Amino acid sequence: MVTGFNTDVKYKGVTYHVQTEDKGRDNPLIETLIYKGGEILASRRLPYADIVKGPDTEAAITHLMEEQHKAMLLEVKKGRYGPPEEPAQAED
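Definitions and limits used
Residues numbered from 1 in each chain as written. Predicted model: local features only at pLDDT ≥ 70, side-chain atom pairs only at ≥ 80, totals over all residues. Heavy atoms only, no water. Helix = DSSP H or I, 4+ residues; strand = E, 2+ residues; numbered from the N terminus. Buried < 20%, exposed > 50% of the residue type's maximum accessible area, 1.4 Å probe, protein only. Areas by Shrake-Rupley, 256 points an atom, 1.4 Å probe, with all protein chains shown as cover. Core = buried A, V, L, I, M, F, W, Y, C linked by side-chain atoms within 4.5 Å. Contact = heavy atoms within 4.5 Å. Salt bridge = Lys/Arg side-chain N within 4 Å of Asp/Glu carboxyl O. Pairing = 2+ DSSP bridges. Axes fitted to C-alpha atoms, helices over the stretch in contact; angles between N-to-C directions.

(A) Structural view of the overall build of the protein chain. In terms of helices and strands, the protein chain carries 2 helices and 4 strands. Put simply, the protein chain has 92 residues, and 32% of those count as buried. Total accessible area on the protein chain is roughly 6300 Å²; 50% of this is exposed by carbon and sulfur atoms.

Following this line, the structure appears as structure tokens:
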């Protein structure tokens, strides 16, 4: 049983921590948080109550966790949570 994933990813010299966890069958929810220096920058929650009733539940939940974790990692790598870009300076 996979309970979660933790990954540190760097963007422009800043380390972000991405954490994804399954809240369990009593609270069927996959939650991913993005941290920078202990501060939560973003979260994404995916309820999965409908999957608990189906076959191969464990594999389906693991797949959802992996996909959500990868998507949030990609957002960090694309700079979504980085500092705003400086406008280009015009030269005289």
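Structure's up, so let's keep going.
(B) Representation of the environment of Glu 39 within the structure. With respect to the helices, strands and loops of the structure, Glu 39 is situated in strand β4 (residues 39-47). Taking the C-alpha atoms as reference points, Glu 39 and Tyr 16, 23 residues apart in sequence, are found 9.8 Å from one another.

(C) Examining the nonpolar core more closely. With 10 residues, the main nonpolar core is built from Val 9, Tyr 11, Tyr 16, Val 18, Ile 34, Ala 42, Met 72, Leu 73, Val 76 and Tyr 81. Elements represented by at least two residues in this core include exactly β1 (4-11), β2 (14-22) and α2 (57-77). In this structure Tyr 16 touches Thr 7, Asp 8, Val 9, Tyr 11, Ile 34, Tyr 35, Lys 36, Leu 41, Val 76, Tyr 81, Gly 82 and Pro 83, once residues within four positions along its chain are discounted.

(D) Fine view of the pattern of salt bridges. Within the structure shown, the criterion is met by 5 salt bridges. Its salt-bridge partner being Glu 21, residue Lys 23 comes within 2.7 Å of it at the nearest N-O pair. Relative accessible area serves as the criterion here: at 34%, Lys 23 is assigned to the partly exposed category. Between Arg 80 and Glu 75 there is a salt bridge whose closest N-O contact spans 3.2 Å. What makes Arg 80 exposed here is its relative accessible area of 57%. For Glu 75, a relative accessible area of 15% puts it in the buried group. Each of Glu 21, Lys 23, Glu 31 and Arg 45 takes part in a single network of salt bridges with overlapping partners.

(E) Representation of the sheet that holds β4 within the structure. The antiparallel open sheet is built from 4 strands, whose spatial order is β1-β2-β3-β4. Looking at the sheet topology across the chains shown, the edges are occupied by β1 and β4. Averaged over all adjacent pairs, the angle separating strand axes in this sheet is 15 degrees, with direction ignored. Lying over the sheet, α2 contacts β1, β2, β3 (29-36) and β4, oriented at roughly 15 degrees with respect to β1.

(F) Spatial organisation of the pairing of β3. Burial analysis of β3 places 6 of its 8 residues in the buried class, the great majority of the element. When β2 meets β3, the two strands line up antiparallel, connected through 6 bridges. Each residue of the ladder has a partner; that of His 17, found in β3, is Tyr 35. Between β2 and the antiparallel strand that follows it, β3, lie 6 residues; Gly 24 among them carries a positive phi value of about 100 degrees. Relative to β4, β3 runs antiparallel, the two sharing 8 bridges. Bridging across to β4, Glu 31 finds its partner in Arg 45. Counting the residues in the hairpin turn of β3 and β4 gives 2 residues, including Gly 37, whose phi is positive at 60 degrees.

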